[in-house]
Amino acid sequence: MRHPSLTRRGVVAVASLALASTAAIGGVAVASTDAEPVSTPVTINTPDGQLMSYVVNARIANPGQTRLVETAVKAAGGVVVQSWPQIGVVIAHSKVSTFRADVVAKGANAVDSVGATRTVAVSEGTPEVAGASWGRGASGYKQGAKKDANGDLESDTSPALASDPREADQWDMRMIKADQAHAITDGSRNVLVGVLDSGIDPDHPDLAANIDVADSVNCTDAGRPDLSATGWYPTTSDHGTHVAGTIAAARNGVGIVGVAPNVRMAAVKVVNDAGFIYPEYAVCGFIWAGMKHMDVTNNSYYVDPFEFYCEDQPDQYAAKEAVRRAVTWSTEQGVVHAAAAGNSARDLSDKSSFKDTTSPDDQPPAGFVTRTLNSGCEDIPTELDGVVTVSSMQSVPTGSQTSRLSSFSNRGLGKIDVAAPGSTILSTIVTNNGYGTKSGTSMASPHVAGVLALMKSVHPTWTPAQMIDKLRAQADDKACGAATGGPVCVGPVENNSFFGEGVVDALDAVS
């Protein structure tokens, strides 16, 4: 069993890999000291004249070292888009093909690692505040939405039913005992949940009263916080709106009821119009959550363009390190994170059992590389420490509250913390301010975020580590069942590869 406070989506140590410092700053991938293979390299081309985005990590995370990195960025022909001195991370843009090597040379001992955060040119351009000589103009690159609505696998919509509340249709709430928990509390207005996603419909009747506008933000402007009045609004996706409804749709006689219907939510937009969540967006989102002292975040996504970030590949290492630092820092500020395990039906505990065939995903499928993975390759933020990793369950139509693992859900002994409903979940959507069903681990994670919000409402002094300990201990044990797709279940009823510690329990969380 993993240490409960150091769980997926924060900091999973990779002791089995021996990585030379040159690999972290742009050198050749280094073979491990044991039998594990080197992961398959993915070359990110950075031709002169093409605007590219980079993350540059300081060797020591403090303001002074961060300033040295900023100086190195400018000397190497780049511009500083955003600095996060709290974690020693600088987001930079450059059109110089040798920027990665040059910033290491200019920064000397101040630079820990540098990596390109995308395999394509920056589509949104450089924010004007960065003062780039090439101006604001975007590159002209535009990609259609990629992975299925960022995690949901299927959708069904229906119009708003203002006079016909649909709480009776929410089998998922009964399965996790949220309906029983509501007899004790609907949650506290003091609790704030950050929904790191595609934005929240600002005028949906089931959501509007619970949106904290002042603490909402758009992080998709090259990873720099955009505080414009409408920047956090959803544009091309209702994914975040659906997630928000599961967390905290209001108890107001309209539509549905969320797990924690009286808590507040901040929309932290990390999904751009083409459907991508790049590392700089995720870093911005986690740091913003910590700066605003949010209590909980929900993360129903994986960071693009790689489904798995490998520590023995320089660009991927640097991006992963930046996100890891952001997660760790926000956790230190009191934020607890819930995250979707992913929809590839993979065994995350055995990376040698499959290959990644859908990365990098920010270019046409012809650009995919079939990658051999090792234990240093992780789905982020879900496999980082400090994050609760959630697998998805589906209801078995027998008239009882029986369930099984959703066929699409990732799983893995020692990887999954808890399970929650994620198949055919009814929640809020943007169209007609209505309601619809979606499926995916993206739909399971917000159930857990809602339970954590209820827990924080009743136990306001608990730390993230205490909350994760209790969440895992209170989960209802669920024995292995037959696999409906993907690797079979292994492990005892108390903690197995399908359900982790068990089904999340909202009633115990508030008792």
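The shown structure was predicted, so the numbers you read here are calculated from the model rather than taken from an experiment. Throughout this description, residue numbers start from 1 for each chain and increase along the sequence as written. It should be noted that, the model being predicted, local features are given only for residues of pLDDT at least 70 and side-chain atom pairs only at 80 or more, the latter also being counted only at that level, while totals for whole chains, interfaces and linings use all residues. Based on all heavy atoms of the structure, the side-chain values leave hydrogens and waters out of the count.

### Some words on the overall build of the protein
Threshold: The numbering of helices and of strands both runs from the N terminus, where a helix is a DSSP run of H or I of at least 4 residues and a strand a run of E of at least 2. In this description, contact between two residues means that some pair of their heavy atoms is separated by no more than 4.5 Å. Under the convention used here, a 1.4 Å probe and the Shrake-Rupley method define accessible areas, while residue burial counts only the protein chains that appear.
Broken down by element type, the protein carries 11 helices and 20 strands. In the protein, the share of contacts with a sequence separation of at least 24, taken over all contacts with a separation of at least 6, comes to 77%. Carbon and sulfur atoms provide 53% of the accessible area of the protein, an area that totals close to 16,900 Å².

### A word on the pairing of strand β20 (residues 435–439)
Note the threshold: Relative accessibility decides the category of a residue: with a 1.4 Å probe and only protein chains considered, values under 20% of the type maximum give buried, values over 50% give exposed, and everything between is partly exposed. A strand pair is defined by DSSP finding two or more bridges across the two strands.
For β20, the tally of buried residues reaches five of five residues, placing the bulk of the element in the interior. With four bridges joining them, strand β19 (residues 425–428) and β20 adopt antiparallel strand pairing. Counterpart to L426 in the pairing with β20 is T437. The antiparallel hairpin formed by β19 and β20 contains six residues in its connecting segment, where N432 sits at a positive phi of about 55°.

### Comments concerning the packing of aromatic side chains
Selection rule: Centres within 6.5 Å make a pair out of two Phe, Tyr or Trp rings, where for Trp the six-membered ring is used; the pair is then stacked when the planes are under 30 degrees apart, edge-to-face when over 60, and tilted otherwise. Only lysine NZ and arginine CZ atoms are considered, and such an atom sits over a ring when it is within 6 Å of the ring centre and within 35 degrees of the ring normal.
Counted by the stated rule, this structure contains seven aromatic pairs. When the ring of W232 is compared with that of Y233, the centres are 4.8 Å apart and the planes differ by 75°; the resulting orientation is edge-to-face. A residue is classified by how much of its surface remains accessible, and Y233, at 29% relative accessible area, is partly exposed. Through successive ring pairs, a cluster of aromatic residues spans F276, Y278 and Y281. Sitting above the plane of the F499 ring, K478 keeps its charged end 5.3 Å from the centroid.

### Some remarks on the state of the cysteines
Inclusion rule: The rule for a disulfide is simple: a pair of cysteine sulfur atoms within 2.5 Å.
On inspection of all chains with the given rule, the structure shows three disulfides. A sulfur-sulfur distance of 2.1 Å marks the disulfide that ties C310 to C377. Here the S-S torsion is close to 110°, and the disulfide linking C310 with C377 is therefore right-handed. Taken together, the positions of C310 in strand β11 (residues 309–310) and C377 in strand β15 (residues 377–378) put the pair 67 residues apart, joining distant regions of the chain. What pairs with C480 in a disulfide is C489, and their sulfur atoms sit 2.1 Å apart. Handedness of the C480-C489 disulfide follows from its S-S torsion of about -65°: it is left-handed. Using a relative accessible area of 31% as the deciding quantity, one classes C480 as partly exposed. By relative accessible area, C489 is classed as buried at 14%. In the protein, the bonded cysteines, numbered by position in the sequence, are linked as 1-2, 3-4, 5-6.

### Thoughts on the confidence of the model for the protein
Test applied: How sure the predictor is of each residue is captured by pLDDT, a score from 0 to 100.
Looking at the protein as a whole, the pLDDT averages 89, with 87% of positions reaching at least 70. Under a pLDDT of 50 for its full length, residues 159–164 has, in the predicted model, 11 contacts with residues more than four places off or in other chains.

### Side note on helix α7 (residues 279–291)
Let me state the cut-off plainly: For a helix, the expected span equals 1.5 Å multiplied by the number of residues minus one.
For α7, built from 13 residues, the straight-helix expectation of 18 Å at 1.5 Å per residue is met to within 8% by its first-to-last C-alpha distance of 18 Å. Across the 13 residues of α7, 12 count as buried, placing the element largely inside the fold. Listed in full, the buried residues belonging to α7 are P279, E280, Y281, A282, V283, C284, G285, F286, I287, W288, A289 and G290. Phi turns positive, to about 50°, at H293, one or two residues after α7.

### Here we look at a nonpolar patch on the surface
The following threshold applies: A residue counts toward a patch only above 30% relative accessible area and without a salt bridge, and it is joined to like-charged neighbours within 9 Å or, for Val, Leu, Ile, Met, Phe, Trp and Tyr, to nonpolar neighbours within 5 Å. By salt bridge we mean one thing: a side-chain nitrogen of Lys or Arg within 4 Å of a carboxyl oxygen of Asp or Glu.
A surface patch of nonpolar side chains, amounting to about 250 Å² of accessible area, comprises L413, V488 and V490. For V488, the position within the fold is in the loop between α10 (464–474) and α11 (506–510).

### Overview of the pattern of salt bridges
Between side chains of opposite charge, pairing is possible as soon as their charged atoms come close. Tallied over the full model, the rule gives 20 salt bridges. For K320, the salt bridge identified is with E311, shortest N-O distance 2.9 Å. An identical accessibility class is assigned to K320 and E311; each is buried. Connected via shared salt-bridge partners are D112, E321, R324 and R325.

### A few points about unusual backbone geometry
A cis geometry characterises the amide bond from S359 onward to P360, with omega recorded as -10°. Tracing the backbone shows P360 in the loop between β13 (355–359) and β14 (369–372). The backbone phi angle of A345 is positive, close to 55°, even though this residue is not glycine. Within the secondary structure, A345 sits in the loop between β12 (336–340) and β13. Residue A345 is classed as buried on the basis of its relative accessible area of 18%. Look at N433: it is not a glycine, yet its phi comes out positive at around 50°.

### Looking at the nonpolar core
To be explicit about the condition: Residues belong to a common nonpolar core when they are buried Ala, Val, Leu, Ile, Met, Phe, Trp, Tyr or Cys residues joined through side-chain atoms within 4.5 Å.
Of all hydrophobic cores here, the largest spans 65 residues; its most connected members are V73, F99, V103 and V270. Top element by residues in this core is α7. It accounts for eight residues. Core analysis: the next-biggest nonpolar cluster, separate from the first, contains 55 residues, V193, A244, V263 and V390 among them.

### Comments concerning the environment of A183
Looking at where A183 falls in the secondary structure, it is placed in the loop between α5 (178–181) and β6 (192–197). Between the C-alpha atoms of A183 and V510, which are 327 residues apart in sequence, the distance is 10.0 Å.

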